[in-house]
Amino acid sequence: MATNWFGSAHESVTNAIANAPSLQAVAENLGIKDFHQWASAKAFDLHSAVHEQAVELVKTKVKGEFGNEVIDMLDALSECMRKISEELKLKEAKFGITLALPLVSMQHNMLERPDVEGLLTDRALLDEAAYWVDFAAGAYGKEDIKGYDKASVNVAIGEKSGVEVTVAYLPAKGVQMPGHFVAVDRNNREVVLGIRGTTTLSDALTDAVGEATQVPGCPGLLAHKAMLASAQAVLEKTRPALEQALRDHSGFSLVITGHSLGAGTAILCTVLLSVTPLKARPRMRCFAYAPPPVIGPLEHRSLRGLVIHSFINRADVVPRASLANVFHLGLEAMAVDGLDLDFQHRFNLMRRDASPENEEENKAKKRIVEAVKECQEARHAKPHESFPPLFVAGQVYWIEWLGQEGSVQDAKNDTAERAPRIHLSSARAFQCLPRSLTRKPRR
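Below is a short write-up of the structure. Once a new chain begins, its residue numbering starts again from 1 and follows that chain's sequence as written. Reporting of local features is limited, given that this is a predicted model, to residues whose pLDDT is at least 70; pairs of side-chain atoms are given and counted only at 80 or more, and all residues count toward the totals for whole chains, interfaces and linings. The basis for the side-chain values is all heavy atoms of the structure; hydrogens and waters are excluded.

### A short note on helix H6 (residues 97-108)
Look at H6: 16 Å from first C-alpha to last across 12 residues, which is about the 16 Å you get at 1.5 Å a residue. Note on classification: 1.4 Å probe, protein chains only; a residue is buried when its accessible area is under 20% of the maximum for its type, exposed when over 50%, partly exposed between these limits. Helix and strand definitions here come from DSSP, where helices need a minimum of 4 consecutive H or I residues and strands a minimum of 2 consecutive E residues; each element is numbered from the N-terminal end. The set of residues buried in H6 consists of Leu-99, Ala-100, Leu-103, Val-104, Ser-105, Met-106, Gln-107 and His-108. A helix is expected to reach a length of 1.5 Å times the quantity of its residues less one.

Quick look at the structure:
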């Protein structure tokens, strides 16, 4: 119905302009050959009535598909991009950051792997991490089970003995409300809150709106704005079920887990529950798999005492993808763009994959590497006020897969030559967006 109305309005406005003799005469004077096509375009001029009506129709359609909050999220994302563009002065670029990024990667490819503090040798923790990852995966549900969210989660978890899914919500749309479930694990005496990762466009918008905002009740603590809203929404919806489960199972602990977007939301749920605890005040632990940077500063007192285990797989970009890291990557690209190097030198270095053929190209490469390094040193000296750094929270574990350099893919079958090693690391080691990791880890 809306489509018919829109088509009729468009036709009426177009014909009204096209049939006006004075405009016809003006068009001839201006050399407009196809006046009908010109009039049709003018009907959609910015701020015209038809344009505004078209915008409202699009908004109605988008809200119907993705939820009422999606327009606000898109506006927030647009504002983030505008701020980055203005701060980087993209309009002043000589060649553009697209041409500069491959050159920035020359310096990134010289970086060491993340700092590590030794191997994780706690067998009990390894077993727990392997166990709870099934619950993080369970939050996605089973794709072929539709309309029965509790059954879908239960099958996705693996139908574990002694586990009952009491609440499950796996929406196909809607922003700032990722899918989630509450379960009781009687064998391990745990109540579990599992939160789904990115599966829809709405989830992707939540990931993208990474502006930092204050955490309520924690002065000075910043969090990923959209994921904080998601955590607040999840807790508002699940708090009654969590309270009931802990009331029915006295002495049970609480595990909060998730993957990707779900991991970031799980971390923030853990922080929020430390500020406004559940009535039973259970022992609380968080297992976050591939979490994005969501919190900062790391030394804030509100994070002390929280038990958060964060697992990062090889060169996975998600734990490195924050608005601050994107902005600083842009700064590095603009520094390279501003160098006194002509297009031929830039193109030759990109074409040869940063393997200079002569002394002149070697000098050009050195200047590029130094420009990027200076940006990184300036960042460490003083964070940018508009884009404060956010971090992965808790104890960070970096997973290295032997026998497949640079891979983030898990092996179907581990072998002696291709086996995972889990290193203890720090969130500060993941504050950049390198293209690849090719060198040996520091010991």
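### Quick look at the pattern of salt bridges
The rule for a salt bridge is simple: a side-chain nitrogen of Lys or Arg has to be within 4 Å of a carboxyl oxygen of Asp or Glu. The full count for this structure, using the stated rule, is seven salt bridges. The closest approach of N and O atoms between Asp-127 and Arg-123, which form a salt bridge, is 3.3 Å. Of this pair, Asp-127 and Arg-123 both sit in helix H7 (residues 123-138), separated by four residues, roughly a single helical turn. For Arg-123, a relative accessible area of 58% puts it in the exposed group. Between Glu-299 and Arg-428 there is a salt bridge, and its shortest N-O distance comes to 3.1 Å. In this pair, Glu-299 is assigned in the loop between strand E9 (295-296) and strand E10 (307-313) and Arg-428 in the segment after strand E12 (420-425), connecting sequence segments 129 residues apart. Salt bridges sharing common partners tie together Glu-128, Glu-190 and Arg-285.

### With respect to the sheet that holds strand E8 (residues 284-289)
Between any two strands, at least two bridges found by DSSP are needed for them to pair. Spatially, the nine strands line up as an open sheet ordered E1-E12-E11-E10-E8-E7-E4-E3-E2, and their pairing is mixed. Edge positions in the sheet fall to strand E1 (116-119) and strand E2 (163-169), since each of these pairs with one other strand and no more. Across this sheet, the average inter-strand angle for adjacent strands is 20 degrees, counted without regard to direction. In terms of strand pairing, strand E4 (residues 190-195) meets strand E7 (residues 253-259) through six bridges, oriented parallel. Within the sheet, the bridge partner assigned to Val-191 lies in E7 and is Leu-254. Across the face of the sheet, H7 comes into contact with E2, strand E3 (180-185), E4, E7, E8, E10, strand E11 (395-401) and E12 while running at roughly 70 degrees to E8. Here helix H8 (residues 149-157) sits on the sheet in contact with E2 and E3, set at roughly 130 degrees to E2. Every axis corresponds to a line fitted to the C-alpha atoms, with the helix fit spanning only the stretch in contact, and the corresponding angles, defined between N-to-C directions, vary from 0 to 180 degrees. For this analysis, residues touch if any pair of their heavy atoms sits within 4.5 Å.

### So, the sheet that holds strand E5 (residues 212-215)
With antiparallel pairing, three strands are arranged side by side in an open sheet as E5-E6-E9. With partners counted over all chains shown, the strands left at the sheet margins are E5 and E9, one partner each. Examined bridge by bridge, E5 and strand E6 (residues 218-224) share four bridges and lie antiparallel to one another. Bridged to Ala-212 within E6 is His-224. Of the strands in this sheet, E5, E6 and E9 touch helix H11 (residues 261-275), which is tilted by about 160 degrees from E6.

### A look at the side chain of Arg-379
With respect to the secondary-structure elements, Arg-379 resides in helix H14 (residues 359-381). In this structure, Arg-379 is buried with no salt-bridge partner, the nearest side chain bearing the opposite charge being Glu-332 at 6.0 Å. Not counting residues up to four positions away in its chain, the partners in contact with Arg-379 are Ala-324, Asn-325, His-328 and Gln-431. Under this rule, positive means Lys or Arg and negative means Asp or Glu; His and the chain ends count for nothing.

### With respect to the environment of Val-182
The topology assignment puts Val-182 in strand E3. On the basis of relative accessibility, which here comes to 0%, the residue Val-182 falls in the buried class. Each C-alpha atom, one on Val-182 and one on Leu-193, is 4.8 Å from the other, the two residues being 11 residues apart in sequence. Not counting the four nearest positions on each side in its chain, Val-182 is found in contact with Glu-164, Val-165, Thr-166, Val-167, Val-191, Val-192, Leu-193, Thr-238, Ala-241 and Leu-242.

### Thoughts on helix H12 (residues 323-337)
In a regular helix each residue adds 1.5 Å, so 15 residues correspond to 21 Å; H12 covers 21 Å between its end C-alpha atoms and thus fits that length. Of all 15 residues making up H12, 12 are buried, and the element is well covered by its neighbours. Every buried residue of H12 is accounted for by Leu-323, Ala-324, Asn-325, Phe-327, His-328, Leu-329, Gly-330, Glu-332, Ala-333, Met-334, Val-336 and Asp-337.

### Description of the environment of Ala-427
Relative to the helices and strands, Ala-427 resides in the segment after E12. Classification of Ala-427 as buried rests on a relative accessible area of 6%. Residues Ala-427 and Ala-393, spaced 34 residues apart in sequence, show a C-alpha to C-alpha distance of 6.9 Å. Not counting residues within four places of it along the chain, the set of residues in contact with Ala-427 comprises Leu-298, Phe-391, Val-392 and Val-396.

Keep in mind these numbers describe shape, not what the thing actually does.
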